[in-house]
Amino acid sequence: MSDSRKNEIVEAFKCRFEHFGFKKTTVDDVAKDLKMSKKTIYAYFSTKEEIFYHIVYQVAVRLRDQMGRDLADCRTNREKLERLIRIIFSQTRQWLKEGNDAFEFKYKYRIAELAFKDAYSELVQTIINNGIETGEFSTTSSDMMLLFIQGIVKECMDKITSEPEIMVEEEAISAVLKLLT
């Protein structure tokens, strides 16, 4: 399968999502735009949600890489994790401010949440492992800590999606650091 064809499909969906929204974007419309069959699109992606995930994941990877560079000036792994959590909450709050109708928000948020979690897991895992190696973190299971951290952040994210004015960042950071030390 051609990467250029896949990118063409992704870009067409991206334009449609931006212009018409997730709900009103259909595979039929994109197939017509690209003058290809739906079967061709489905050879690359099994669902519209998968395409949206792919688009958001690409953004998440770019942001993760930028964050990795931004965290380089932190002296400790504890500082890196604190800053990373603050950045994640800040990005989420910004996205929430953009406004979405209920349907759009429900699907877009869940798909985006998964894409960002997948993209950021490697960065968080690296920080945890480095903290264990330097003796900064007392835990021995970085895999389990990653799951706990993801759970804390997810629960806090769910809280701010229902109550955007609530400030849970410091509580989340405190809980995460208690787990690690």
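Residues numbered from 1 in each chain as written. Predicted model: local features only at pLDDT ≥ 70, side-chain atom pairs only at ≥ 80, totals over all residues. Heavy atoms only, no water.

Colleague: Is there a simple way to explain the overall build of the protein in this structure?
Modeller: Tallying secondary structure elements over the protein gives 8 helices and 0 strands in all. In sequence order, the secondary structure elements of the protein are arranged as α-α-α-α-α-α-α-α. Along the first, second and third principal axes, the C-alpha set of the protein runs to 60 × 40 × 25 Å. Burial analysis of the protein (181 residues in total) assigns 41% to the buried set. Total accessible area computed for the protein in this model is approximately 10300 Å², and 53% of it derives from carbon and sulfur atoms. Here the protein contributes 28 positively and 30 negatively charged side chains, and the mean placements of these two sets differ by 4 Å. (Helix = DSSP H or I, 4+ residues; strand = E, 2+ residues; numbered from the N terminus. Buried < 20%, exposed > 50% of the residue type's maximum accessible area, 1.4 Å probe, protein only. Areas by Shrake-Rupley, 256 points an atom, 1.4 Å probe, with all protein chains shown as cover. Lys, Arg positive; Asp, Glu negative; His and termini not counted. Charge placed at Lys NZ, Arg CZ, Asp CG, Glu CD.)

Colleague: So what exactly am I meant to see when it comes to the side chain of Thr 25 here?
Modeller: Position of Thr 25 relative to the elements: it lies in the loop between helix 1 (3-20) and helix 2 (27-34). At a separation of 2.6 Å, a polar atom in the side chain of Thr 25 contacts the main-chain carbonyl oxygen of Gly 21. Those residues in contact with Thr 25, other than ones at most four positions away along the chain, are Phe 13, Arg 16, Phe 17, Phe 20, Val 30 and Lys 48. (Polar contact = N/O pair within 3.5 Å; in protein donor to acceptor, adjacent residues only side chain to side chain. Contact = heavy atoms within 4.5 Å.)

Colleague: Would you take a moment to explain the pattern of salt bridges for this structure?
Modeller: Tallied over the full model, the rule gives 13 salt bridges. The shortest N-O distance in the salt bridge between Glu 79 and Arg 75 comes to 2.9 Å. Given the relative accessible area of 26%, Glu 79 is considered partly exposed. Two residues, Glu 169 and Arg 93, come together in a salt bridge whose shortest N-O distance is 2.8 Å. Of this pair, Glu 169 sits in helix 8 (residues 169-180) while Arg 93 sits in helix 5 (residues 77-97), and the two are 76 residues apart along the sequence. According to the relative accessible area criterion, Glu 169 is buried, its value standing at 9%. Salt bridges sharing partners connect three or more residues here, namely Arg 78, Glu 82, Arg 86 and Glu 170. (Salt bridge = Lys/Arg side-chain N within 4 Å of Asp/Glu carboxyl O.)

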